[in-house]
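These are the residues of each chain, in order.
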Amino acid sequence: MVNTAQELETKKKEGFKVPHVWTIILFCLILAGIMTYIVPAGMYDRVEVAGRKVIDPATFHYIEQTPVNPFNWFVCIIDGLTASMAIMSMIWFTIAATDIYTESGTLHKMVGWIMNVCKGNYMLVMGALMAFFGIRGAMGAFELHIPFVPMMIALSLACGCDVMTGLAIAMVPTFVGFAYGPINVYTIAVAQGIAGLPVYSAMTFRVVVWLFMMAAAFWFVLRYAAMVKADHSKSVTGFVNPSAADFDIAAIQKEKMTGRQKILMVMLLVTIGLQMVGPMLWKWSFAQIGALWLISGIIASVVAGFDNEKTCNIMGRACAGIFVGVACIGFARSVSVVLANGNIMDTVIYGLSIPLKQLPHAVSALGMLVIQSIINFFIPSGSGQAAVTMPIMAPLADVVGLTRQTAVMAFQLGDGLTNMVIPTMGALVVYIGVAKVEFSTYFKWILPLYGILMGIGAVGLLIATFINIGPF
């Protein structure tokens, strides 16, 4: 008997569904709490190297068990939220301010202007923007590109594509660029420094691998964009007709900006520029960037002619719309808080490092990649993971016959690429939350690209092993 299309759709909906991201993180939190009762507590001594506390790999020792009781599992959620408040506030205020510019019509007019400049060549526009995000990501930009997501979605819809395309334009090159960025100050610079390598050494080799990864990312995103544009049924997020998205690209390209909108466009570009140079020139952190966007949003509302009530409503709706995603940053951090409070974080690192000593030399590097990927689930911070694992992995590389440069490469790939798929990476959940895309939908969409990138990384690691990439 042939099933009707409706019956097939009903069966599809009744099939397995990926749990809500909060549920996944809660499961990880409970698992971490149970582990504090089962896994022996252990600790490495910390030493100071170049002003940073790092592990002394020869000092692991077991200590008295310090399990975290079930009530305190949930206290750790509050601790994680408290510790993450600066970055959470930055994201809330950047999105709230961006919505002010959107409501004024400025963003849509900017999209029309960009399309006019590029003569309607949407592939050229998307490719140029992806290059911008990829290069910035390679320098260490990560959460800072979240405010661009609404703009990229507007541009994507205007070009006849979908929400996923807009999300991907901003997020995919950022994540891939960050994952193996040749000059990423948060990962490669920290890891090489801890390993005792010259900072940014082996640049040529790393640039080549990075370019292959970026090429794969460009191909994956632009191929999807072209596919959706040609056949709207291919959209994984559902196609939204530009006319149903409150704008028509043909009409917008003909419309001129009002005086207010021209001022707002300059203000938006200045805000984005200050966000970029502030961390470099004035050592801004998340708090300063959040304050910048809050000030920009308030002034923009005055220029746009919005009254107090409308301004507050716009910002309130914007913050409410991404609450789930932003809260995940602190929620996810609670997992590592439980492991640290239970004094089993070091034990987990120690246990994962042991198998590497037993692996054949040819696959030791791949083993490091797998282990770093697993560790990233618990420590989704590039510099934090470097500080915890590189003091172990660097001397371990000496023992198993690998160069320390190879160990650094395994760390960077394991940390960076896994960020694209793990729910404990709060920033990932915020990106997809801003776009209002379900985590399960995103996960299924990104998984093929993740597999391709891991394949490129594995090949790069094998080559690095065979050529004994150095200087040591």
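Preceding block: the structure.
Note that the structure is predicted; figures quoted are calculated from it, not measured.

J.: Talk me through the nonpolar core; I want residue IDs and the actual numbers.
T.: Ile91, Val172, Met390 and Met420 are the most contacted members of the largest nonpolar core, which totals 154 residues. Broken down by element, the residue count for this core peaks at 13 residues, all from helix α10 (residues 203–230). In contact with Met420, other than residues within four places in its own chain, are Phe175, Val176, Leu428, Tyr442, Ile446, Leu449 and Leu453.

J.: Can you tell me about helix α6 (residues 122–138), naming the residues and giving the values?
T.: The end-to-end C-alpha distance of α6, which contains 17 residues, comes to 24 Å, matching closely the 24 Å that a straight helix rising 1.5 Å per residue would cover. The complete set of buried residues in α6 reads Tyr122, Val125, Met126, Gly127, Leu129, Met130, Phe133, Gly134, Arg136, Gly137 and Ala138. In the segment just after α6, Gly140 is the residue with positive phi, at about 120°.

J.: So what's going on with the side chain of Thr174? Residues and values would help.
T.: With respect to the helices and strands, Thr174 occurs in helix α8 (residues 163–179). Of the residues examined, Thr174 reaches a relative accessible area of 0% and is grouped as buried. Beyond its immediate stretch of four places on either side in the chain, Thr174 contacts Phe133, Gly137, Ala141, Phe142, His145 and Tyr431.

J.: Help me get a handle on the environment of Phe27, residues and values and all.
T.: With respect to the secondary-structure elements, Phe27 resides in helix α2 (residues 21–38). Taking the C-alpha atoms as reference points, Phe27 and Val335, 308 residues apart in sequence, are found 9.7 Å from one another.

J.: Can you tell me about the packing of aromatic side chains, naming the residues and giving the values?
T.: This model, assessed by the stated rule, comprises 14 aromatic pairs. With 6.2 Å between their ring centres and 15° between their planes, Trp92 and Phe323 make a pair best called stacked. Separated by 231 residues along the polypeptide, Trp92 in helix α4 (residues 85–103) and Phe323 in helix α15 (residues 323–341) bring together distant segments of the chain. Taking the relative accessible area as the measure of exposure, Trp92 reaches 15% and is therefore buried. Residue classification places Phe323 among the partly exposed positions, given a relative accessible area of 41%. Between Trp282 and Trp284, the ring centres sit 5.4 Å apart and the planes meet at 40°, which makes this aromatic pair tilted.

J.: Could you give an account of the environment of Met213, naming the residues involved and the relevant values?
T.: With respect to the secondary-structure elements, Met213 resides in helix α10. Separated by 40 residues in the primary sequence, Met213 and Pro173 place their C-alpha atoms 9.4 Å from one another. Excluding residues that lie within four positions of it along the chain, Met213 makes contacts with Val176, Tyr180, Leu413, Leu417, Leu453, Ile456 and Gly457.

J.: How would you summarise the packing of α6 against helix α7 (residues 149–158) if you had to cite specific residues and measurements?
T.: With their axes 11 Å apart at the nearest point, α6 and α7 run at an angle of 165° to one another. When the axes of α6 and α7 are compared, the pair comes out roughly antiparallel. Judged by the sense of rotation from one axis to the other, the crossing of α6 with α7 is left-handed. Of the residues in α7, those in contact with Val125, Met126, Leu129 and Phe133 of α6 are Met152, Leu155 and Ser156.

Conventions and cut-offs
- Along each chain, residues carry numbers from 1 onward, in the same order as the chain's sequence is written.
- Predicted model: local features are reported for residues with pLDDT of at least 70 only, side-chain atom pairs are reported and counted for 80 or more only, and whole-chain, interface and lining totals are derived from all residues.
- In computing side-chain values, all of the structure's heavy atoms are included and hydrogens and water are not.
- To define a nonpolar core, start from buried Ala, Val, Leu, Ile, Met, Phe, Trp, Tyr and Cys residues and group those joined through side-chain atoms within 4.5 Å.
- Here's how the labels work: a residue is buried when its accessible area is under 20% of the maximum for its type, exposed when over 50%, partly exposed in between, all with a 1.4 Å probe on protein chains only.
- A run of H or I in DSSP counts as a helix once it spans at least four residues, and a run of E counts as a strand once it spans at least two, with each numbered from the N terminus.
- Throughout, a contact is declared for two residues whenever any of their heavy atoms are within 4.5 Å.
- Every helix has an expected span of 1.5 Å times one less than the residues it contains.
- For this analysis, a ring pair means two rings from Phe, Tyr or Trp (six-membered ring only for Trp) whose centres lie within 6.5 Å, classed as stacked if their planes differ by under 30 degrees, edge-to-face if by over 60, and tilted for the remaining angles.
- Helix axes use the C-alpha atoms of the stretch in contact, all axes being lines fitted to C-alpha atoms, and the angles between their N-to-C directions lie in the range 0 to 180 degrees.
- Each angle gets one of four labels, with under 35 degrees taken as roughly parallel, over 145 as roughly antiparallel, 65 to 115 as roughly perpendicular, and the rest as oblique.
- Crossings are sorted by hand: turned counterclockwise from the far helix by less than a right angle, the near helix makes the crossing left-handed, and turned clockwise it makes it right-handed.

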